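Reading the structure
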Amino acid sequence: MEFLNNKNNKTTFINCYSVFLLNGMLALSIGSLLPFIRDARGLEYAFCGLIVSLHSIGNLFSSFFAGTLPVFIGKKKSILLFNSFYAISYILILFSASNMALAFAFFLTGLARGATSNFCNTAINSLAPGRAWILNGLHAMFSIGALAFPIFLTILTKNNPSNWTYACFFMLAMGVLSLILYFMIPTTDDVTNDKTSSMSSMDFIKAPLFHLCTLTLFFYLCAEQGVIGWLVTYLKDTGILSASKSQLSASIQWTAILIGRLLTAYLSTRFDRKKLIRIMSFGLVLFFLVLITGRSELQVMIGIFGFGLAMAGIYPTTVSFSGYLIKDYPLAWSFVLTLASFGSIIMPSVIGRIADTFSIYSGMCSVAVAVIIDFIFIWLLTHYIKKSESSLS
């Protein structure tokens, strides 16, 4: 960890990890809040699917523009602008009765989430390019925030479901805190003078690695957003779990993701990353089947925990495979995030439409397609990496 000997690097490391924890709370709160918002406003499944997709659309927009806007206004101003949307979104959720305003609020949470992902992944990767452990550690912080919010929400709403609004006030405060932490990150706010040099190099599009990483993340995000966005609603509306246990299931899933990311961060320094991600791909398929076929509380909880554990390291490990591609081409990560984000946009709406037409169970079953395809692309990606490494040796 010699890169932490530099004071600016150490401050960047600590603050990026801190804001990513808050990002986990802020971004993933929408899945836990969705059943309360749906009940309070009498929303249909299709509209719920739409607003979850709008979160992902916002994520897509900022994934690209948060990577290009710094060229014109500087990194600091860019991330502060995008991150301010968290606070604005919760103000809209709290004080507006309009469904259009609600939809716009979910869009804004996506804008803030995508910018944070772009900024922190790029900043941390630049400290230690290609090291899977540091990226898994970063995403472990996201998991801590994501698992903490459902517990907090359950405590607030156990006796009175209308208390979910208090959680929104808390998240509003967390949005303001994340702005303060971003302001403290030591990054230049100078506008790049040579805009053409940083934006014209698109050679990464020719690289097979770019396409394999993008497709792996696309189908991973289909599965992740499909399950995370709809899990609580699915368990509650099918009656498999009670309302309070449905909320706690989200925390169980994110506890598993946290354990998985910490475990992957540790194991990736000792074992071949290719073998690790292949094992994860097997677990992803197996435990999703357990989750979707489970009818007892124990079966469902095993499926939730196993699925979270298996999916934990797929995203950061895939990013680590593309570490030097991202470092060599400033726009590469923006394009990877932008294209992959279509997966998290499409899947929630697909689930919502199927749920309205057939049932919420049928909607959740559709995620199996994304899980199986992602399994295939993980194996294609690792085969390519192995082949590339052999040619260099």
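Below is a short write-up of the structure. Since the structure is predicted, the reported quantities are computational estimates derived from the model, not experimental observations. (Residues numbered from 1 in each chain as written. Predicted model: local features only at pLDDT ≥ 70, side-chain atom pairs only at ≥ 80, totals over all residues. Heavy atoms only, no water.)

A separate point is the packing of helix 9 (residues 208–238) against helix 13 (residues 314–321). Relative orientation of the contacting elements helix 9 and helix 13 amounts to 170°, with a least axis distance of 10 Å. For the element pair helix 9 / helix 13, the angle class is roughly antiparallel. When helix 9 is examined against helix 13, the residues Leu 209, Cys 213, Thr 216, Leu 217, Tyr 220 and Leu 221 are found in contact with a partner set consisting of Ile 314, Tyr 315, Thr 318 and Phe 321. Residues belonging to the contact of helix 9 with helix 13 are distributed by class as follows: eight nonpolar, two polar and no charged. (Axes fitted to C-alpha atoms, helices over the stretch in contact; angles between N-to-C directions. Helix = DSSP H or I, 4+ residues; strand = E, 2+ residues; numbered from the N terminus. Parallel < 35°, antiparallel > 145°, perpendicular 65-115°, else oblique. Contact = heavy atoms within 4.5 Å. Nonpolar A, V, L, I, M, F, W, Y, C, P; charged D, E, K, R; others polar.)

Our next topic: the packing of helix 9 against helix 10 (residues 243–267). The interhelical angle for the contact between helix 9 and helix 10, taken along N-to-C directions, is 150°, at an axis separation of 6 Å. One way to sum up the angle between helix 9 and helix 10 is to call them roughly antiparallel. For the pair helix 9 and helix 10, contact is made by Tyr 220, Glu 224, Val 227, Ile 228, Leu 231, Val 232, Leu 235 and Lys 236 and by Ala 243, Ser 246, Gln 247, Ser 249, Ala 250, Gln 253, Trp 254 and Arg 261, respectively. Among the residues forming the contact of helix 9 with helix 10, the class breakdown is nine nonpolar, four polar and three charged.

Let us look at the pattern of salt bridges. Summed over the entire model, instances satisfying the criterion amount to six salt bridges. The shortest N-O distance in the salt bridge between Asp 237 and Lys 236 comes to 3.9 Å. Its relative accessible area of 27% is what places Lys 236 among the partly exposed residues. In this structure, Lys 274 engages Asp 272 in a salt bridge whose closest nitrogen and oxygen atoms are separated by 3.0 Å. For Lys 274, a relative accessible area of 8% puts it in the buried group. It is possible to trace a salt-bridge network through shared partners that takes in Arg 38, Asp 39, Lys 236 and Asp 237. (Salt bridge = Lys/Arg side-chain N within 4 Å of Asp/Glu carboxyl O. Buried < 20%, exposed > 50% of the residue type's maximum accessible area, 1.4 Å probe, protein only.)

Before going further, it helps to spend a moment on empty space enclosed by the protein. Under the defined criterion, the tally for this structure stands at three cavities of 30 Å³ or more. Looking at the lining of the largest cavity, the elements that each hand over two or more residues are helix 1 (7–41), helix 2 (45–68), helix 5 (99–127), helix 6 (132–157), helix 9, helix 10 and helix 15 (332–357). In terms of residues, the lining of the largest cavity owes the most to one element, helix 2, which gives four residues. For the lining of the largest cavity, the per-class residue count stands at six nonpolar, 10 polar and three charged. Every residue along the wall of the second largest cavity is listed here: Leu 28, Gly 31, Ser 32, Ala 146, Pro 150, Ile 228, Leu 231, Val 232, Ala 250, Gln 253 and Trp 254. Contributing elements (two or more residues each) for the lining of the second largest cavity: helix 1, helix 6, helix 9 and helix 10. (1 Å grid on protein atoms, 1.4 Å probe; cavity = no way out; pocket = protein on both sides within 12 Å on 5 of 7 lines; lining within 4 Å. Points joined across faces, edges and corners; volume = space filled by probe spheres on them.)

What follows covers a nonpolar patch on the surface. There is a patch of nonpolar side chains on the surface, built from Ile 91, Phe 95, Tyr 166 and Phe 169 and spanning about 440 Å² of accessible area. Secondary structure elements with two or more residues in the nonpolar patch: helix 4 (75–95) and helix 7 (164–184). Counting through the fold element by element, Phe 95 comes out in helix 4. Overall, Phe 95 belongs to the exposed group, its relative accessible area being 57%. (Patch = residues over 30% accessible without salt bridge, like charges linked within 9 Å, V, L, I, M, F, W, Y side chains within 5 Å. Areas by Shrake-Rupley, 256 points an atom, 1.4 Å probe, with all protein chains shown as cover.)

One pass over the structure, following the stated rule, counts 15 aromatic pairs. Seen from their ring centres, Phe 282 and Phe 375 are 5.2 Å apart, and the 65° between their planes marks the pair as edge-to-face. Within this pair, whereas Phe 282 is found in helix 11 (residues 273–293), its partner Phe 375 is found in helix 17 (residues 367–392), the two being separated by 93 residues in sequence. Residue Phe 375 is classed as partly exposed on the basis of its relative accessible area of 22%. Ring-pair connections join several aromatic residues into one group, and the members of that group are Phe 61, Phe 104 and Phe 107. (Phe/Tyr/Trp six-rings, centres within 6.5 Å; stacked < 30°, edge-to-face > 60°.)

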